[in-house]
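Remarks on the overall topology
So you can see what is in the structure, the chains are spelled out below.
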Amino acid sequence: MLPPYVELGTGKIADSQNHLSRETDVVVYSKATLPPLALDAGFGVYPIEACVYAIEVKSTLTAEESRDAIAKQRHLRTLHVLSPAVGVIAALFAFRSDLAPGGKAELERYRELDSEADTNP
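1. Side note on the nonpolar core
The nonpolar side chains of a soluble globular protein tend to be buried, and buried together. By size, the foremost hydrophobic cluster in this structure holds 10 residues: I13, V27, Y29, Y46, I48, C51, A54, L76, L79 and V88. Within the residue set of this core, elements represented by two or more residues are β2 (24-29) and β5 (51-61). In contact with C51, not counting residues within four places along its chain, are I13, V27, V28, Y29, Y46, G87 and V88.

2. A few points about the sheet that holds β2
In spatial order, the strands read β3-β4-β1-β2-β5-β6; together these 6 strands make up an open sheet with mixed pairing. Edge strands, defined here as strands with exactly one partner in the open sheet, are β3 (37-40) and β6 (89-97). On average, each strand axis in the sheet is inclined to that of its neighbour by 40 degrees, with strand direction left out of account. Running over the sheet, helix α1 (residues 63-77) touches β1 (7-14), β5 and β6 and is turned about 165 degrees from β5.

3. Considering the pairing of β6
A regular strand places its side chains so that they alternate between the two faces of the sheet. In terms of strand pairing, β5 meets β6 through 8 bridges, oriented parallel. Counted as the bridge partner of K58 is A94 from β6.

4. What to know about α1
Along its 15 residues, α1 runs 21 Å from first to last C-alpha, staying within 8% of the 21 Å computed at 1.5 Å per residue. Taken together, the buried positions of α1 are occupied by S66, A69, I70, K72, Q73 and L76. An end-on view of α1 places all buried positions within 160 degrees of arc, on one side of the element. Contacts from the buried residues of α1 go to β1, β5, β6 and α2 (106-113).

Here is what the cut-offs are and how they apply
Residues numbered from 1 in each chain as written. Predicted model: local features only at pLDDT ≥ 70, side-chain atom pairs only at ≥ 80, totals over all residues. Heavy atoms only, no water. Core = buried A, V, L, I, M, F, W, Y, C linked by side-chain atoms within 4.5 Å. Buried < 20%, exposed > 50% of the residue type's maximum accessible area, 1.4 Å probe, protein only. Helix = DSSP H or I, 4+ residues; strand = E, 2+ residues; numbered from the N terminus. Contact = heavy atoms within 4.5 Å. Pairing = 2+ DSSP bridges. Axes fitted to C-alpha atoms, helices over the stretch in contact; angles between N-to-C directions. Expected span 1.5 Å × (residues − 1). Arc of directions from axis to C-beta.

Structure representation (structure tokens):
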């Protein structure tokens, strides 16, 4: 159920200076803005100006998986964009968490692991 102007892929996001993100599980992008370089069916290199979301998907979210997602998000923010209006939204999705029910919330753990995370509730 996506709007017709966006598509999904997996791969890496590239900036105009030939820097690449780490591999991203789901890239939501606009082919009409700039087409990707398709390396394989569904896998490619996506111009950062065409990207809307960079989503990491985890089966079970652990502290280590969270650290990996945070590192990928930080690296993504180092890529050069040609316009300050361009911004890729980094997101993390997990089917399960290894945290015990009734204990610490996943968002609390994330904030502890990411010193740059927004601390507003």
